[in-house]
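Secondary and tertiary structure notes
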Amino acid sequence: METNLRLESSLWVDNKRYRAVLTGWHFNWTELDKKNHDKKTISVPVAEVVGVEEGRVEILPQKSVEDTDKDFTVFYVKRSSGGGSYGLHWRLGKTQFSCLSRVLRDQWTKHLRAALKTHSPLRPHRLLVFINPFGGKKKGREIYHSLVSPLFELAGISSHVIVTERANQARDHLLKKDLTGFDGVVCVGGDGMFSEILHGLIGRTQQEAGLCENDPTVTLHPCPLHIGIIPAGSTDCVCFATVGVIDPVTSALHIIIGDSQPLDVSSVHQASALVRYSVSLLGYGFYGDVLAESEKHRWMGPLRYDYSGTVVYLSNRSYGGIVQYLPADPVLSSPRDRTRCLAGCSVCSRSTERLFPHSSDSSSLHSSHYSHFNNDSEGDWVSVEGRFRCVSLTCMSSSCPKSPLGLSPSAHLADGTGDLILVWDTHPLGFLKYLYRHTSSQDQFDLPFVEVHRVKAVRFSLPPGKEEESFDEIGGQNDVVDDEETGYIETASRTGSQQHLADADLTKRQKTANPFLCCTACSKAPAVSVWNCDGELLPFTEILCRIHGQLVRLYARGIEDGAAMQDYVEENDKHERISYINSLT
Ligand SMILES: Nc1ncnc2c1ncn2[C@@H]1O[C@H](COP(=O)(O)OP(=O)(O)OP(=O)(O)O)[C@@H](O)[C@H]1O
């Protein structure tokens, strides 16, 4: 097939002659001098071509076409450094080519489009887009319509756009409505919007597969629809940790070219009920207290997190608890191995084979055998008891602009494990040192009171004598939630897809029941903290978490950084190396 797609001819750009070659995987054009010697080559992977249009076409600020017989325009991904951030920004590159004849022009457009189809099989054709008009600086609609929609149009993607009118509308839509014909779901918003999409898609997939989400031993079914994140929130950590930059155009281009990044998800259970899903931070102690405190100061905007962090740090708290964990296989990877999970991560690729042994390639994942937990021998649980400053579990590095290497710098996005970080009680300066190291490249685990373990599951309970206040006692008597939107009445903790049920009453409960909230004003320190689950407070203290390997897929490819791109380039021949670097600059 590749030989059929090959095409080579002279083309002109700005009256300069180029030799253009379409090989199977790359489209290259090399400037020629008067003696026909090669000057500069630009090489674009076919998979990164966004669109091919007849004529001389402009997209921004408005689409305009100068329809000439012998011209065509190629749009493609162009990289630039992240302006101080860790990853690379993607921009829309554009080159207008002129041919000697219309026949040749038609040949080029036909071949390029055919190559796109062959080498980019996961490109979406139809997307369901949810915009949170109130997320972040309330610019979701503007971001989508001015920056993203023109790119989708150029790439021939049709989208059904829903501007949400209430919290949880996107999640409920995904749980109940017909999703036939959609290749993916895009959220325009922050981490809260992403979490809605996550819960909706996972819940829907399990409903359709007839699986019970409440049972932590059940191997959940991976979601068939991809998730795209257009960052427009005040916290966009999932986007940052999976793309490397917070930039709507970069994210839109990843969606268009059909990048596919699997992501591990942790399910959080209380007794025999699912409470929530988490992908980034599940934190008890310091991180839970900071979130609880910050809820009181929402009027401060994003500043509330810095303020609350200081207040909670000064309150110098630690909490008793019993942590049990199921270690992951230490031969596969370690949270202290100083590796980084970057685009093309080999640990994650090997995990795909381990987690889905019967699928020949990633595209057939969703029809494969899903019993990856059953294939792993469970191993032995390890138990530790004591007083902790914080207990955290993360399925990814949880890097963010303030902490570019993240909570666990060597964590992987898709290896079926999470990193459990135990920070034992210590003096305030020691804890400050631990916190400070998150903002630098110093190893935050190289401290005597810090432990990190790569795990498959975690259980947290209170020490004997400090048993959990029952759910009812802390104000959550209403076990039944009436979902007005759908007319459903479901019982929390008893039905499948019930994670959404806990949400409706949660805010109410937190206000009256959160032990931290009531105790900040008291001199007596609280005996228990609260869990921060990806920015939401959990109404339970004693929980069980299970990591589900590669449960969802994002339109992303993991963080690309300069060094990683250089490694990629090294694998190509010298000619392509030079041309690739040229195309970056
Ligand atoms: N139309 C709406 N009205 C009110 N809330 C909404 C609406 N649409 C979505 N939401 C909710 O708003 C919450 C926050 O949204 P999002 O994450 O997009 O923005 P954010 O500014 O990063 O949020 P925050 O900083 O408050 O966590 C989400 O949990 C989502 O459920």
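Cut-offs and rules
Residues numbered from 1 in each chain as written. Predicted model: local features only at pLDDT ≥ 70, side-chain atom pairs only at ≥ 80, totals over all residues. Helix = DSSP H or I, 4+ residues; strand = E, 2+ residues; numbered from the N terminus. Contact = placed C-beta atoms within 7 Å. Axes fitted to C-alpha atoms, helices over the stretch in contact; angles between N-to-C directions. Parallel < 35°, antiparallel > 145°, perpendicular 65-115°, else oblique. Left-handed = near helix turned anticlockwise from the far one by under 90°. Nonpolar A, V, L, I, M, F, W, Y, C, P; charged D, E, K, R; others polar. Buried ≥ 20, exposed ≤ 12 C-beta atoms within 10 Å, placed from the backbone. Near = placed C-beta within 6 Å. Pairing = 2+ DSSP bridges. Expected span 1.5 Å × (residues − 1). Arc of directions from axis to C-beta. Core = buried A, V, L, I, M, F, W, Y, C linked by C-beta atoms within 7 Å. pLDDT = per-residue confidence, 0-100. UniProt positions renumbered as here; feature names shortened; annotations may be inferred.

Scanning the protein chain from terminus to terminus reveals 16 helices and 25 strands. Taking all contacts inside the protein chain whose residues are at least 6 apart in sequence as the whole, residues at least 24 apart take part in 72%.

This part takes up the packing of helix 8 (residues 286-295) against helix 9 (residues 303-315). The relative placement of two packed helices is expressed as an angle between their axes plus a distance between the axes. Taken N-terminus to C-terminus, the directions of helix 8 and helix 9 make an angle of 125°; their axes are 8 Å apart at the nearest point. The angle between the axes of helix 8 and helix 9 places the two elements in the oblique class. Regarding helix 8 and helix 9, the two cross each other, and that crossing is right-handed. Between helix 8 and helix 9, the contacting residues are Phe286, Asp289, Val290, Glu293 and Ser294 on the first element and Arg304, Tyr305, Ser308, Gly309, Val311 and Val312 on the second. Along the lines of polarity and charge, the residues of the contact of helix 8 with helix 9 split into 5 nonpolar, 3 polar and 3 charged.

Of note in this structure, Asn168 is not a glycine but carries a positive phi near 70°. Its place among the elements puts Asn168 in the loop between strand 11 (158-163) and helix 4 (169-176). The partly exposed category is assigned to Asn168, around which 17 C-beta atoms lie within 10 Å. A positive phi is found at Gln550, a non-glycine position, where the angle reads about 55°. Residue position: Gln550 is located in strand 25 (residues 543-554). The exposure class of Gln550 is buried, given the 24 C-beta atoms found within 10 Å.

This part covers the packing of helix 4 against helix 5 (residues 191-209). The geometry of helix 4 relative to helix 5 is characterised by a closest axis approach of 8 Å and an angle of 15° between their N-to-C directions. Classified by the angle between their axes, helix 4 and helix 5 sit roughly parallel to one another. Crossing geometry of helix 4 relative to helix 5 is assigned as right-handed. Note on element contacts: helix 5 touches helix 4 through Met193, Glu196, Ile197, His199, Gly200, Leu201, Gly203 and Arg204, opposite Ala170, Arg171, His173, Leu174 and Leu175. Considering only residue class, the contact of helix 4 with helix 5 consists of 6 nonpolar, 4 polar and 3 charged.

With that out of the way, let us pick up the site of the ligand. Lining the immediate environment of the ligand, one finds 20 residues, of which Gly135, Gly189, Gly190, Gly192 and Gly233 sit closest. Counting residues per element, the shell around the ligand draws most heavily on helix 5, at 4 residues. In the shell around the ligand, the residues fall into 4 nonpolar, 12 polar and 4 charged.

In the sheet, strand 1 (residues 7-13) pairs with strand 2 (residues 16-22) via 7 bridges, with the strands oriented antiparallel. Its bridge partner being in strand 2, Val13 is matched across the sheet by Lys16. Where strand 1 hands over to strand 2, the hairpin turn is made up of 2 residues, of which Asp14 adopts a positive phi near 50°. Of the pairings in the sheet, the one linking strand 2 to strand 3 (residues 26-32) comprises 5 bridges and is antiparallel in character. Bridge assignment links Ala20 to a residue of strand 3, and that residue is Trp29. Counted between consecutive antiparallel strands, the loop separating strand 2 from strand 3 contains 3 residues.

All right, on to helix 2 (residues 102-119) then. With 18 residues, helix 2 extends 26 Å from end C-alpha to end C-alpha; this agrees with the ideal 26 Å at 1.5 Å per step. Buried within helix 2 we find Arg105, Trp108, Ala115 and Leu116. For helix 2, the angular spread of buried residues about the axis comes to 105°, placing them on one side. For helix 2, the exposed residues set more than 90 degrees away from the buried face come down to Val103 and Lys117.

Before going further, it helps to spend a moment on the nonpolar core. Of all hydrophobic cores here, the largest spans 138 residues; its most connected members are Val188, Ile197, Leu201 and Val552. In contact with Leu201, not counting residues within four places along its chain, are Leu174, Val185, Cys223, Leu225, Ile227 and Val552.

With that settled, consider the confidence of the model for the protein chain. For the protein chain, per-residue confidence averages 83 on the pLDDT scale, and residues scoring 70 or more make up 81% of the total. Per the prediction output, this complex has pTM 0.85; the corresponding ipTM is 0.97.

Within strand 8 (residues 71-81), 9 of the 11 residues are buried, which leaves it mostly tucked inside the rest of the structure. Where strand 5 (residues 49-54) and strand 8 come together, 5 bridges link them in antiparallel fashion. The partner of Glu54 across the bridge, within strand 8, is Phe72. Pairing analysis gives 11 bridges linking strand 8 to strand 9 (residues 88-98), with the strands arranged antiparallel. Opposite Phe72, over in strand 9, you have Phe97 as the bridge partner.

So, about the UniProt feature "domain: DAGKc" (unreviewed entry) in the protein chain. Under the UniProt annotation, "domain: DAGKc" (unreviewed entry) lies at residues 122-272. The distance from the first to the last C-alpha atom of residues 122-272 is 37 Å, and the span holds 38% helix and 23% strand.

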